[in-house]
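Descriptive structure summary
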Amino acid sequence: MIRPQDVQELDSVISRTRRSGTVLRADVNILDLMRKVQRKCHAVLIALQNQTDIHYAMPVRVMNADAIGYYEQWKKRQRIHREAADLKGSAEFLSGIRKGEWMIPCAAWLRIIR
């Protein structure tokens, strides 16, 4: 059972910036609704994309938004671990995360066509 206090509103603008030399690139994906549902130690991100017409490339947009969500979680954890200098071994150091560390699932996407 999900209670109102288990649901947290998140920013519905998902963006990622990356630099290649002197060129700065940004990807932006704007969702209609973004929520985080947390019950005890389990969490899931839920996004809603409302449509009035069929969007044939929607699976690509959804996969991109999922990837950006995982990427942002990874980069945040990577910064935390680098500052704490708590990664052991070359695989953890190169990955920026610990072996067995997991991320909040981002693949709970809903699509509604009116």
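Quick note: structure is the one above.
Here the structure is a predicted model, which means the values were calculated and not measured.

1. A few points about the packing of aromatic side chains
Taken as a whole and judged by the stated rule, the model has one aromatic pair. Where Tyr71 meets Trp74, the ring centres are 5.6 Å apart and the plane angle is 70°; that geometry is what we call edge-to-face. In this pair, Tyr71 and Trp74 are both assigned in helix H1 (residues 58–84), three residues apart and thus about one turn of the helix distant. The partly exposed category is assigned to Trp74, whose relative accessible area is 25%. Between Lys75 and the ring centre of Trp74, over which it is positioned, the NZ or CZ distance is 4.5 Å. A cation sits over an aromatic face here: Arg82 above Phe93, 4.5 Å from the ring centre.

2. Things to note about the layout of surface pockets
Estimates place the volume of the largest pocket at around 460 Å³. Along its surface, the largest pocket is lined by 16 residues, and Leu10, Leu45, Gly69, Glu72 and Gln73 are the ones closest to its centre. Of all the elements in the fold, those that place two or more residues in the lining of the largest pocket are strand S2 (13–20), strand S4 (33–39) and H1. Per-element tally for the lining of the largest pocket: the top contributor is H1, with seven residues.

About the cut-offs
- Residues numbered from 1 in each chain as written.
- Predicted model: local features only at pLDDT ≥ 70, side-chain atom pairs only at ≥ 80, totals over all residues.
- Heavy atoms only, no water.
- Phe/Tyr/Trp six-rings, centres within 6.5 Å; stacked < 30°, edge-to-face > 60°.
- Helix = DSSP H or I, 4+ residues; strand = E, 2+ residues; numbered from the N terminus.
- Buried < 20%, exposed > 50% of the residue type's maximum accessible area, 1.4 Å probe, protein only.
- Lys NZ or Arg CZ within 6 Å of the ring centre and 35° of its normal.
- 1 Å grid on protein atoms, 1.4 Å probe; cavity = no way out; pocket = protein on both sides within 12 Å on 5 of 7 lines; lining within 4 Å.
- Points joined across faces, edges and corners; volume = space filled by probe spheres on them.

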